[in-house]
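Here's the letter readout for the chains.
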Amino acid sequence: VTHAARWDARIARARELAARQPVAKPILTFYAALAEFQKNLLISRGPDDVLESAESSTDRIIEAIPRFLEFLSRSAPAQLAAAAEMMRDDVATTEWRELIDRYGAGHESTDASPEMAFVVEALLQPFAEATALALKDSNRDDEPRDGATSNRIAECPLCSGKPVVGLLREEGQSARRSLICATCFTEWPWPRIVCPACGHDVFESLPVYQSEAFPAVRVEACDACKTYIKTIDLSKDPLAIAIVDELASVPLDLWAREQGYTKVKANILRM
Ligand SMILES: [Zn+2]
Ligand SMILES: [Zn+2]
């Protein structure tokens, strides 16, 4: 599957869910436009020069910022559109570069505004995914890392990013769980009964919540560290695309927050 085809599938899924779920329609309509922008970012100069070095993708991200902010001021929800206008005037290139480098090294910046974090993450994703896919191709024979730090906290085996959503797949009589990286979309296996944020593994304090409104989405919480991550159950909806279906189920995030849980990693739209 080419990079463009992966983006096309996300765009198509977002449009389809937007038509089905009125509550999430504005979010998904914007996401479809965003994903279109992200896809074009990668193919505008051909995928071949994407992987030269980390340096060159940073340069290409910097170069894309002005037209991305312009796109946001036209197409984003009101608050983000207004923030994009401000960022056009107020944020220096050096500031962007620093933020991109920190993100690229797997360290999310806590001092950046949510809007700046969004810009960096959105522009980084297509390059991070291309790099991850190329790495996977070239390391096919290597022993795969299991995506856990020594204290059993989940991090992407390719870019050290945090997981944004999980997946459940049927396997024989049981189901296999995996996690998906927020930055490069790499999927890696993860035990069912281990909290990805703190490594806690006591079944009784890892409750799973579900709602009839979203039969394929599970809110997998941890009462030890009070975090949660949503997991998409492919046995309930084989056509689901995890990162898109995660966005479509935003009412579950509002619910989880009301219960006092914090998300392991906010999604691209900072929810
Ligand atoms: Zn990653
Ligand atoms: Zn936990």
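Refer to the structure above for everything that follows.
This write-up is about the structure you can find in this document. Values in this document were obtained by computation on a predicted structure and should not be read as measured data.

1. Re the coordination of the zinc ion (ligand 2)
- Within the first shell, the zinc ion (ligand 2) binds the protein through Cys195 (SG), Cys198 (SG), Cys222 (SG) and Cys225 (SG), at distances of 2.3 Å.
- In this structure, the zinc ion (ligand 2) is surrounded by four donor atoms whose angles at the metal cover 105 to 112 degrees, and the resulting shape is tetrahedral.
- If you list the donors of the zinc ion (ligand 2) from N- to C-terminus, the spacing comes out as C-x2-C-x23-C-x2-C.

2. Looking at the packing of aromatic side chains
- Following the criterion strictly, the structure yields nine aromatic pairs and no others.
- Both rings, one in phenylalanine 30 and one in phenylalanine 118, keep their centres 6.4 Å apart while their planes meet at 40 degrees; by these two values the pair is tilted. Placement of phenylalanine 30 in helix α2 (residues 25-43) and of phenylalanine 118 in helix α6 (residues 114-138) is noted, with a sequence separation of 88 residues between them.
- The buried category is assigned to phenylalanine 30, whose relative accessible area is 4%.
- Aromatic side chains phenylalanine 37 and phenylalanine 68 sit 5.0 Å apart centroid to centroid with 50 degrees between the ring planes, which places their arrangement in the tilted category. Residue phenylalanine 37 is located in helix α2, and its partner phenylalanine 68 is located in helix α3 (residues 54-75); the two are separated by 31 residues in the primary sequence. Summarising the burial analysis for this pair, phenylalanine 37 and phenylalanine 68 share the class buried.
- Through a chain of ring-to-ring contacts, three or more aromatic side chains come together here, namely Phe30, Phe37, Phe68, Phe71 and Phe118.
- Here the basic side chain of arginine 10 rests over the ring of tryptophan 7, its NZ or CZ set 4.6 Å away from the ring centre.

Conventions and cut-offs
- Residues numbered from 1 in each chain as written.
- Chains lettered and ligands numbered in written order.
- Predicted model: local features only at pLDDT ≥ 70, side-chain atom pairs only at ≥ 80, totals over all residues.
- Heavy atoms only, no water.
- Donors = N, O, S within 2.8 Å, 3.2 Å for Na, K, Ca; no water.
- Tetrahedral: all angles 85-135°; square planar, octahedral: opposite > 155°, others 65-115°.
- Phe/Tyr/Trp six-rings, centres within 6.5 Å; stacked < 30°, edge-to-face > 60°.
- Helix = DSSP H or I, 4+ residues; strand = E, 2+ residues; numbered from the N terminus.
- Buried < 20%, exposed > 50% of the residue type's maximum accessible area, 1.4 Å probe, protein only.
- Lys NZ or Arg CZ within 6 Å of the ring centre and 35° of its normal.

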